[in-house]
Amino acid sequence: VPIYFGVCCVCVCLYPTSCCSVAEIMSVLYFNTMRYRPEDPKNISNDRFILSKGHAAPALYSIWVETGFLKESELHSLCQVESTLEGHPTPKQQFVDVATGSLGQGLGVACGMAYTGKYFDKSSYRVFCLLGDGEMSEGAVWEAMSFASFYQLDNLVAIMDINRLGQTDPAPLQHHVDKYQRRCEAFGWHAIVVDGHSVEELCKALSQARHQPTAIIAKTTKGKGIPAAEDKLGWHAKPLPKDMADAVVKDLQARITSSSKRLYPATPIEDTPPVSLRNVRMPSAPGYKQEEKVQALCKHTHLTIPISVATGCAARDRNVVYASTLASFFARAYDQLRMAAVSESNINLCGSHCGLSIGEDGPSLMSLEDMAMFRAIPTATIFYPSDGVSIEKAVELAASTKGVCYIRTSRPENPIIYNSNEDFHVGQAKVVYQSAEDKVTVIGAGVTLHEALAAAEMLKKERIFIRVIDPFTIKPLDSKTIIENARQTRGRILTVEDHYYEGGLGEAVCSAVVNEQGFTLQRLAVAHVPRSGKPNELLKIYGIDREAICQSVRKMLSGSANAK
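Residues numbered from 1 in each chain as written. Predicted model: local features only at pLDDT ≥ 70, side-chain atom pairs only at ≥ 80, totals over all residues. Heavy atoms only, no water.

Some points on the packing of aromatic side chains
According to the stated counting rule, one finds 22 aromatic pairs in the structure shown. An angle of 75 degrees between the planes, with centres 5.6 Å apart, marks the rings of Trp64 and Phe69 as edge-to-face. A relative accessible area of 3% means that Trp64 is categorised as buried. Take Phe69: its relative accessible area is 26%, and that puts it in the partly exposed class. Each ring, one from Phe424 and one from Phe472, has its centre 4.8 Å from the other, and the planes form 45 degrees; the classification is tilted. Placement of Phe424 in the loop between strand S11 (413–415) and strand S12 (430–433) and of Phe472 in the loop between strand S14 (466–470) and strand S15 (473–475) is noted, with a sequence separation of 48 residues between them. (Phe/Tyr/Trp six-rings, centres within 6.5 Å; stacked < 30°, edge-to-face > 60°. Buried < 20%, exposed > 50% of the residue type's maximum accessible area, 1.4 Å probe, protein only. Helix = DSSP H or I, 4+ residues; strand = E, 2+ residues; numbered from the N terminus.)

Here it is, written out as structure tokens:
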């Protein structure tokens, strides 16, 4: 039976004791409870499974061997560089929707899947999430439980593997399953305590009628079936010595009753509608007038949800997902963002109130490091629109852009720059101010683009001409346009940004031109943690306003003259 097959297969893996405590749970789920087509793991009507306790991945792989989807020989390649069977689940395996392993995030992802199933797909598939007791200390778990209760996700089941032991110490509540039960009930869940090694109890609990999210609190033994390691510290993440593994496997094989009968999962109810996410467009073109002032505050993305929930909503390409909040708040979700990238997830995020230009709210709400954060995410695209038209275009483009998309928006009202029919593309900058006599190329975005345009008008009165570029996307950056225009201004580039010096627009431009000969680059950015004040005052104090731009341009030209 899969119970013992799974234990046998994981005895020599990285986390044998963690896998052993979930063997019966996973066997009951996959061969008694869940409805799915094992030959088609991505079938849109299949029940979903999230292994939040990602280090028990070998148990999951063993299950898929038993279904016939994987070959037993493939298990021997576990964690080898040419194998898709990695130490923790990733979407490299067709039966994995999102990457797990950074604990505490799986239930949020499951919430997103269940929300999609109930409210968008309106289908019969259910979502099951297996958690470890160690991650129950993570606040993200309880945030997800609150979300599930609020939205009455009765198609969601969380199974908690309460095996008592953490990596180096016991879990805080150890085997006090009654406390877990009371906590889950307090969050509005139907909570059931079972013996996690009893197939009968698990089957009964998982078949109960449901009218709210269900938590199965399974009391288990870490290392079950391995006498030397059962309920003992010191065995977490340790493969068994060969002699011990051989003895355990021999014992388990002796306990398996030979049978020609195979277990097959129930087939899903095929009631999930097909979805096409191609050619997603805004229902109408932007309706702004030239020079009209618009405050850009996430017009199209007003649902603030955890990033893990957004990742779940986007799984299996069921939705185009947007999540929005103040840009500064994405910092607290960085681990979820990097896991979304590992999960190959397509999610779109809008961060408003960026930079010190939010003014009186002060430094705690001024996101001045968000571009650095998102630039470090491998799959990220960073949009930095500067008016209402380009914001709407960014929202539209994000819908068809793979990976994590971040749209950075500012709080102040800014005039419209572009016509409603202006064409935008990812990685394509716009030259918004130029003449044949330009001496310096100035690159700004958001509020600093408007400051650069104002500076251009001021300098023009002094017969000093500058070229102004709107990068539109910071990642990817339009290096070609920047380099071509900078050559026309004798290699002089000035970047100005409402962001710290580290990791923002200036450093992106530096990287783009590092191999160019004869280029001079000066940067204006926020050098210190700022303070509260009026936006215009702060732009001036921290040297990123129109006056600072004018002064830097004069200095660059003065330096060039002196060099001659």
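Digging into unusual backbone geometry
Residue Lys475 is joined to Pro476 through a cis peptide bond whose omega torsion reads 0 degrees. Its place among the elements puts Pro476 in the loop between S15 and helix H15 (479–488). Located in the positive-phi region is Gln152, a residue other than glycine, with phi close to 50 degrees. Looking at the element boundaries, Gln152 is found in the loop between helix H6 (139–150) and strand S3 (156–162). Of note, Asp317 is a non-glycine position whose phi angle comes to about 55 degrees, a positive value.

Thoughts on the side chain of Ser552
Within the secondary structure layout, Ser552 lies in helix H18 (residues 546–563). If we ignore the near neighbours within four places in the chain, the residues touching Ser552 are Leu494 and Leu524. (Contact = heavy atoms within 4.5 Å.)

Observations regarding the pairing of S14
Burial analysis of S14 places five of its five residues in the buried class, the great majority of the element. Residues of S14 alternate between two faces, with Ile466, Val468 and Asp470 on one and Arg467 and Ile469 on the opposite face, all of them buried. As paired elements, S12 and S14 share three bridges and run antiparallel to each other. Residue Val431 lies in a different strand from S14, and its bridge partner there is Ile469. Judged from the four bridges that link them, strand S13 (residues 440–444) and S14 form a sheet pairing that is parallel. Its bridge partner lying in S14, Val440 is registered against Ile466. Once you follow S13 into helix H14 (residues 447–460) and on to S14, the crossover reads as right-handed. (Pairing = 2+ DSSP bridges. Right-handed = clockwise from strand over helix to strand, strands pointing away.)

Notes on the pairing of strand S5 (residues 214–219)
Counting buried positions over the six residues of S5 gives five, a clear majority of the element. Where S3 lies against S5, six bridges are found, and the strand directions are parallel. Bridge assignment links Ala158 to a residue of S5, and that residue is Ala215. For strand S4 (residues 190–195) and S5, the ladder comprises six bridges, and the chain directions are parallel. Bridge assignment links Ala191 to a residue of S5, and that residue is Ala215. You can see the chain leave S4, run along helix H8 (residues 199–206) and come back into S5, and the turn it takes is right-handed.

Some thoughts on the pattern of salt bridges
The final tally for this structure, using the stated rule, is 20 salt bridges. Salt bridges linked by common partners bring Lys42, Asp97 and Arg316 together as one network. (Salt bridge = Lys/Arg side-chain N within 4 Å of Asp/Glu carboxyl O.)

Considerations on the nonpolar core
Leu107, Leu156, Met160, Trp189, Leu349 and Phe374 are the most contacted members of the largest nonpolar core, which has 75 residues in total. Broken down by element, this core gets its largest block of residues, seven residues, from helix H5 (residues 106–120). With residues up to four places along the chain from it excluded, the contact list for Leu349 reads Ile307, Ala323, Phe330, Leu337, Phe374, Val404, Cys405, Tyr406 and Ile407. (Core = buried A, V, L, I, M, F, W, Y, C linked by side-chain atoms within 4.5 Å.)

With respect to the packing of H5 against helix H10 (residues 307–314)
Two elements in contact, H5 and H10, have axes whose closest approach is 6 Å; the angle formed by their N-to-C orientations is 45 degrees. The orientation of H5 with respect to H10, classified from their angle, is oblique. Judged by the sense of rotation from one axis to the other, the crossing of H5 with H10 is right-handed. Every residue of H10 that contacts H5 at Gly108, Val109, Cys111, Gly112, Met113, Tyr115 and Thr116 is listed here: Ser308, Val309, Thr311, Gly312 and Cys313. Looking at the contact of H5 with H10 residue by residue, the class counts come to six nonpolar, six polar and no charged. (Axes fitted to C-alpha atoms, helices over the stretch in contact; angles between N-to-C directions. Parallel < 35°, antiparallel > 145°, perpendicular 65-115°, else oblique. Left-handed = near helix turned anticlockwise from the far one by under 90°. Nonpolar A, V, L, I, M, F, W, Y, C, P; charged D, E, K, R; others polar.)

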